[in-house]
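Analysis of the macromolecular model
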Amino acid sequence: MGEATDRRPLRRHGAMKVVALVAALVLVGLTYSAVVPNGAAGADGPQSQQIEEGRRLFAVGCASCHGLHAEGGTNGDGRQAGPSLIGVGAAAVDFQVSTGRMPAAQPGAQIPQKPPVYTEEEIAALAAYVASLAPGPAIPPAESYDVSKATQSDIVRGGELFRTNCTACHNFAGRGGALPNGRYAPSLMHTSPRNMYQAMLTGPQQMPVFSDAVLLPEDKRAIIAYVTQLQQQDNPGGFPLGRVGPVSEGLWGWLVGIGLLVVVAVWIGAKVPRIPRKG
Ligand code: HEC
Ligand code: HEC
């Protein structure tokens with residue numbers, strides 16, 4: 001407290017409101033946990049609490065298409081609304097929900113990415129719930145897609161593997177490409193290393209599953225190192241310049257470059273002694 005609050009009564013008023021709100025929320029939380037018996041469905045640890053939370057989120061946000069127990073669901077007309085998620089594993093849930101593909105908004109040839117709807121904890125809970133139904137690919141540990149120590153030879157090997165396994169759909173530069181029936185393989189320029197790993201592990205839509213038997217974990221990491229390098233090349237130049245687009249970034253390069261050339265030319269002109277002209 002002090003001068004700042006004295007000078008700004010309005011601000012303090014706002015802060016009091018926030019404090020009151022937080023207090024109210026804490027009270028509601030405490031009351032809830034007192035009323036609802038701990039471990040409603042035989043839950044007995046943080047793990048099963050997370051699964052319970054996931055089950056609850058799933059019932060609200062996913063069950064309308066995927067069925068109340070993730071067994072798959074149909075629309076009124078009997079057509080599939082969402083596939084069964086039994087056995088798809090935590091990695092598929094993490095990939096689909098963190099890229100915003102799920103929850104799907106409307107049906108279409110392909111469900112697009114969008115900003116994620118759920119927080120990281122909620123995604124982890126949803127993933128834990130689906131993983132609890134049947135075994136499936138787990139979320140890969142962070143070190144399996146950490147490419148900060150990748151060597152040049154890893155990147156070269158990753159490039160070879162990428163050209164053999166991925167370019168047919170994603171284009172040699174990872175920029176993506178069209179597929180039959182209005183579908184497409186997306187550009188890989190904005191994908192996180194974790195989701196690269198998870199896409200290979202779970203094979204969303206038309207993409208084949210690259211199990212660890214097909215592409216060893218170190219092969220996957222090499223591919224991720226290569227694509228990460230492509231991503232960095234995609235945004236060259238030290239200064240992002242607010243990412244205003246290639247044209248004006250190019251223009252800046254051009255202006256600065258020309259400016260430097262002029263300076264150098266003037267400097268050379270000043271240095272070089274004039275050769276007296278003959279005749
Ligand atoms: C409006 C309907 C709808 C809703 C709501 C929805 N989904 Fe889906 N989901 C689909 C459809 C349709 C597919 C198949 C998509 C495809 O093949 O591209 C799918 C696919 C998936 C897959 C991929 C399965 C696989 O085989 O790899 C996962 C995982 C998934 N959904 C999880 C969720 C979760 C978790 C939620 C809730 C947060 C959710 N979905 C909400 C319709 C829905
Ligand atoms: C047969 C075509 C095909 C091949 C081969 C293929 N993919 Fe894909 N890939 C797709 C499609 C289609 C999607 C989009 C799926 C969706 O939207 O549900 C996709 C999605 C992805 C994504 C998610 C991108 C995002 O923005 O969320 C990544 C990452 C990815 N692929 C990486 C790879 C890598 C790495 C390889 C090679 C090991 C590969 N793919 C091979 C078709 C393919």
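Presented here is an overview of the structure given in this document. (Residues numbered from 1 in each chain as written. Chains lettered and ligands numbered in written order. Predicted model: local features only at pLDDT ≥ 70, side-chain atom pairs only at ≥ 80, totals over all residues. Heavy atoms only, no water.)

**Observations concerning the site of ligand 2**
Residues in contact with ligand 2 amount to 27 residues; listed here are only the nearest, Gln113, Cys166, Cys169, His170 and Met207. Here Arg101 contributes a side-chain N or O atom positioned 2.9 Å from an oxygen atom of ligand 2. Taking Gln113, its side chain carries an N or O atom lying 2.6 Å from an oxygen atom of ligand 2. Of all the elements in the fold, those that place two or more residues in the shell around ligand 2 are helix H8 (167–170), strand S4 (183–185) and helix H9 (193–202). (Near = heavy atom within 4 Å. Polar contact = N/O pair within 3.5 Å; in protein donor to acceptor, adjacent residues only side chain to side chain. Helix = DSSP H or I, 4+ residues; strand = E, 2+ residues; numbered from the N terminus.)

**Things to note about the coordination of the iron atom of ligand 1**
By definition of the ideal shapes, four donors in a tetrahedron about a metal sit 109.5 degrees apart, and six donors in an octahedron sit 90 or 180 degrees apart. Only His66 (NE2) and Met102 (SD) from the protein coordinate the iron atom of ligand 1, and they sit 2.0 to 2.2 Å from it. The site at the iron atom of ligand 1 holds six donor atoms, and with the angles between them running 87 to 179°, its shape is octahedral. Placement of His66 in helix H4 (residues 63–66) and of Met102 in the loop between helix H5 (89–98) and helix H6 (120–133) is noted, with a sequence separation of 36 residues between them. The pair His66 / Met102 is uniform in exposure class, with both members buried. (Donors = N, O, S within 2.8 Å, 3.2 Å for Na, K, Ca; no water. Tetrahedral: all angles 85-135°; square planar, octahedral: opposite > 155°, others 65-115°. Buried < 20%, exposed > 50% of the residue type's maximum accessible area, 1.4 Å probe, protein only.)

**Considering the side chain of Thr167**
Tracing the backbone through its elements, the reader meets Thr167 in helix H8. The contacts of Thr167, once residues within four sequence positions are left out, are Phe162 and Phe172. (Contact = heavy atoms within 4.5 Å.)

**Brief notes about the coordination of the iron atom of ligand 2**
The iron atom of ligand 2 binds to the protein through His170 (NE2) and Met207 (SD); the donor distances cover 2.0 to 2.2 Å. Seen from the iron atom of ligand 2, its six donor atoms lie at angles of 85 to 179°, and the figure they make is octahedral. Taken together, the residues span a long stretch of sequence, with His170 in helix H8 and Met207 in the loop between H9 and helix H10 (217–234) at a distance of 37 residues. With relative accessibility at 10%, the residue His170 sits in the buried group. With a relative accessible area of 21%, Met207 lands in the partly exposed category.

Geometry only, nothing functional implied.
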